[in-house]
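An overview of the molecular structure
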Amino acid sequence: MKTFSEYCFERLAEKKPFGWPDELEKSLVTDADIEAVEKEWGYHFPEEFKEFLKSYILPKPTILYGEFTGDWYGAGMSYSFELEEYLDPDEIPEDQEICILEIVLEGLIGMADIAGHSLKENIERLSWTETAPLGYIYLGEFIDIYMFLECETGEIVCIDHDFYTISEQKEIDNIKQFKTKMFQNFHEMLKCLFLGAVCNGETAQLCEADEEESLLYLGISD
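What you see is a predicted model, and the numbers here were worked out from it, not measured in a lab. (Residues numbered from 1 in each chain as written. Predicted model: local features only at pLDDT ≥ 70, side-chain atom pairs only at ≥ 80, totals over all residues. Heavy atoms only, no water.)

Observations concerning the overall build of the chain
Applied cut-off: Every helix listed is a DSSP run of H or I at least four residues long, and every strand listed is a run of E at least two residues long, numbered separately from the N terminus. For the radius of gyration, the atoms used are the C-alpha atoms, and the globule rule reads 2.2 Å times the number of residues raised to 0.38. Categorising residues by exposure relies on relative accessible area from a 1.4 Å probe, with only protein chains included: less than 20% of the type maximum marks a residue as buried, more than 50% marks it as exposed, and the intermediate range marks it as partly exposed. We call two residues in contact whenever any of their non-hydrogen atoms come within 4.5 Å of each other. Every accessible area reported is derived by Shrake-Rupley at a probe size of 1.4 Å, with residue values counting cover from the shown protein chains alone. Positive charges come from Lys and Arg, negative ones from Asp and Glu, while His and the chain ends are left out of the count. Charge positions come from single atoms, namely NZ of Lys, CZ of Arg, CG of Asp or CD of Glu.
Tallying secondary structure elements over the chain gives 8 helices and 10 strands in all. In terms of overall dimensions, the chain is globule-like: its C-alpha atoms have a radius of gyration of 17 Å, near the 17 Å expected for 222 residues. Over its C-alpha atoms, taken along the principal directions, the chain stretches across nearly 50 × 50 × 30 Å. Within the chain, the proportion of its 222 residues that are buried is 50%. Relative to all contacts within the chain whose residues are 6 or more apart in sequence, the contacts with residues 24 or more apart total 62%. When the accessible surface of the chain is totalled, it reaches about 11,400 Å², and 47% of it is carbon and sulfur. With 16 positive and 49 negative side-chain charges, the chain shows a spacing of 10 Å between the two charge centroids.

So, the pattern of salt bridges
Stated precisely, the cut-off is as follows: Take a side-chain nitrogen of Lys or Arg and a carboxyl oxygen of Asp or Glu: if they are within 4 Å of each other, that pair is a salt bridge.
Overall, the coordinates contain 11 salt bridges when judged by the stated rule. Between Lys120 and Glu40 there is a salt bridge; the shortest N-O distance is 3.6 Å. Here Glu40 lies in helix α2 (residues 31-41) and Lys120 lies in helix α4 (residues 119-126), a separation of 80 residues in the sequence. A relative accessible area of 55% places Glu40 in the exposed class. A salt bridge links Glu188 to Lys191; its shortest N-O distance comes to 3.1 Å. Of this pair, Glu188 and Lys191 both sit in helix α7 (residues 186-193), 3 residues apart, which is roughly one turn of that helix. In terms of burial, Glu188 and Lys191 fall into one category: buried. Three or more residues joined by partner-sharing salt bridges are found here, namely Glu38, Glu47 and Lys50.

A short note on the packing of aromatic side chains
This is how the line gets drawn: Working definition: rings of Phe, Tyr and Trp (its six-membered ring) pair if their centres are within 6.5 Å, and the pair is stacked with planes under 30 degrees apart, edge-to-face with planes over 60 apart, and tilted otherwise. Ring-over charges, as used throughout, are those where CZ of Arg or NZ of Lys falls within 6 Å of the ring centre and within 35 degrees of the ring normal.
One pass over the full model with this rule turns up 22 aromatic pairs. Ring plane angle 25° and centroid distance 5.4 Å describe the contact between Phe9 and Phe52, whose orientation is recorded as stacked. Taken together, the residues span a long stretch of sequence, with Phe9 in helix α1 (residues 4-13) and Phe52 in helix α3 (residues 47-53) at a distance of 43 residues. The exposure class of Phe9 is buried, given its relative accessible area of 0%. A residue is classified by how much of its surface remains accessible, and Phe52, at 4% relative accessible area, is buried. Here Lys26 stacks its cationic end above the ring of Tyr56, 4.8 Å away from the centre of that ring.

Points about α7
The cut-off we apply is this: Here a polar contact is taken to be a pair of N or O atoms separated by no more than 3.5 Å, where protein atoms must pair a possible hydrogen donor with a possible acceptor and residues adjacent in sequence count only if both atoms sit in side chains.
Counting buried positions along α7 gives 8 out of 8 residues, so the element sits mostly inside the fold. For α7, the full list of buried residues reads Phe186, His187, Glu188, Met189, Leu190, Lys191, Cys192 and Leu193. Looking at where α7 begins, the residue whose side-chain oxygen comes 3.1 Å from the main-chain nitrogen of His187 is Asn185.

Below is the structure:
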């Protein structure tokens, strides 16, 4: 049966984004690879993340565009495809309820490519924040805001660069103190960034209408 991560990859690949190859490369990551990392770091990855690691290798480049509403970090910013840059706040129409954010998932690109390196080595290399062994895996960034997978809860959290470096305490402590929930879990992030669901950044909830993608997936997975 096709996993939800595989479905998301394949739906996005249909659009041939960012010069992706004609065929996605299947991941060679196994349960044993994942368990080896979990054993060394002393915690478990969320099930949705394990599924993602075992689906496909995220190609380079992968720059995604998420749609958000609500009063949160991303409010007041919106990317323009026409201008290929962010609009100034006074350029955004007053009646525009949805903002578009350009998100670079640099922390996930090639993570599942274990042909030349172990999964642990890939995660450590991509998670330049050095927080992965402590339970916070770096995923990517947008407008100087860093995204992490919080493995204990399974949530996707984010933190402004200024707060990440705000004090003399360790960065991991800054994340724990100043983090904001961005998505409820890894699947919710895929629904937004891969399938186009709109997320309320203020509540970290997807709009109800966008659950149709999940129903469609359930229909094709039998």
